[in-house]
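Here is how the chains run, residue by residue.
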Amino acid sequence: MLKKGNKLYSILTGSCPKCHQENMYLDKNPYHISKIFDMHERCSHCNTKYKIEPSFFYGAMYVSYAVGVAFAVAAFVISKLFIGASLVNTFIAIVVTLVVFMPIIIRLSRNIWINFFIHYDKDKAS
């Protein structure tokens, strides 16, 4: 389904946006909360620097807001429209969804943010 060379591949797998060969994170599991922000300095395959400038990933906070809203809307639609939960239960479902998926939202927003600035290079991938 997802093939290397596609931005969506890099975003969903957390792989290097330039070559798609290496994972950007030291620990692939986003639920190891103490290591959620730990990234390699550079890609070992293509030598791409992940932290382009100091505080580069502060911009990912804006993306995180949008991704969080998308998760909240999905939780609302599922709980209110499909299940038919009350308004209070729907609110609880939204809060629980955001808390449970917080590590994934953080990683996704970082992946989306870096993919805005670094593009796939076929030559670097081989």
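As the structure is a prediction and not an experimental result, all values here were calculated from the model.

A. Broad picture of the layout of surface pockets. One number sums up the size of the largest pocket: a volume of about 160 Å³. Considering the residues around the largest pocket, the lining is formed by Ile 11, Leu 12, Thr 13, Gly 14, Asn 23, Tyr 25, Lys 28, Pro 30, Ile 104, Arg 107, Leu 108 and Asn 111. For the lining of the largest pocket, the per-class residue count stands at six nonpolar, four polar and two charged.

B. Expanded view of unusual backbone geometry. Backbone geometry places His 20, a non-glycine residue, at a positive phi of 60°. Along the chain, His 20 falls in the loop between helix H1 (7-13) and helix H2 (60-83). Positive phi values are uncommon outside glycine, yet Ser 55 reaches one of about 60°. With respect to the secondary-structure elements, Ser 55 resides in the loop between H1 and H2.

C. Geometry of the confidence of the model for the protein. For the protein, per-residue confidence averages 92 on the pLDDT scale, and residues scoring 70 or more make up 99% of the total. Within the protein, helix H3 (residues 87-100) carries the highest mean pLDDT (96), whereas helix H5 (residues 122-125) carries the lowest (81).

D. Molecular detail of the nonpolar core. Counting residues in hydrophobic clusters, the biggest one holds 20 residues, and the most contacted among them are Tyr 50, Phe 57 and Ile 114. Residue assignment for this core shows that the elements contributing at least two residues are H2 and helix H4 (102-117). Residue contributions to this core peak at four residues, all from H4. With residues near it in sequence (within four places) discarded, Ile 114 still touches Pro 17, Met 24, Tyr 50, Phe 56 and Phe 57.

E. Quick peek at the packing of H2 against H4. Direction vectors running N to C along H2 and H4 enclose 130°, while the axes themselves pass 8 Å from each other. Regarding the angle of H2 to H4, the classification is oblique. Considering how the two elements wind past one another, H2 and H4 form a crossing that is right-handed. Contacts between H2 and H4 involve Ala 60, Val 63, Ser 64, Val 67, Gly 68 and Phe 71 on the former and, on the latter, Ile 105, Leu 108, Ser 109, Arg 110, Ile 112, Trp 113 and Phe 116.

F. Looking closely at the state of the cysteines. Scanning the entire structure with this criterion turns up zero disulfides. Cys 19 carries a free sulfur, and the closest cysteine sulfur to it, the one in Cys 43, is 3.6 Å from it. Residue classification places Cys 19 among the buried residues on the basis of a relative accessible area of 0%.

G. Representation of the side chain of Ser 109. Turning to its location among the elements, Ser 109 is positioned in helix H4. Of the residues examined, Ser 109 reaches a relative accessible area of 2% and is grouped as buried. Engagement of the side chain of Ser 109 in a polar contact is seen with the backbone oxygen of Ile 106, the distance being 2.8 Å. In contact with Ser 109, other than residues within four places in its own chain, are Ala 60, Val 63 and Ser 64.

Thresholds, definitions, all that
Residues numbered from 1 in each chain as written. Predicted model: local features only at pLDDT ≥ 70, side-chain atom pairs only at ≥ 80, totals over all residues. Heavy atoms only, no water. 1 Å grid on protein atoms, 1.4 Å probe; cavity = no way out; pocket = protein on both sides within 12 Å on 5 of 7 lines; lining within 4 Å. Points joined across faces, edges and corners; volume = space filled by probe spheres on them. Nonpolar A, V, L, I, M, F, W, Y, C, P; charged D, E, K, R; others polar. Helix = DSSP H or I, 4+ residues; strand = E, 2+ residues; numbered from the N terminus. pLDDT = per-residue confidence, 0-100. Core = buried A, V, L, I, M, F, W, Y, C linked by side-chain atoms within 4.5 Å. Buried < 20%, exposed > 50% of the residue type's maximum accessible area, 1.4 Å probe, protein only. Contact = heavy atoms within 4.5 Å. Axes fitted to C-alpha atoms, helices over the stretch in contact; angles between N-to-C directions. Parallel < 35°, antiparallel > 145°, perpendicular 65-115°, else oblique. Left-handed = near helix turned anticlockwise from the far one by under 90°. Disulfide = S-S within 2.5 Å. Polar contact = N/O pair within 3.5 Å; in protein donor to acceptor, adjacent residues only side chain to side chain.

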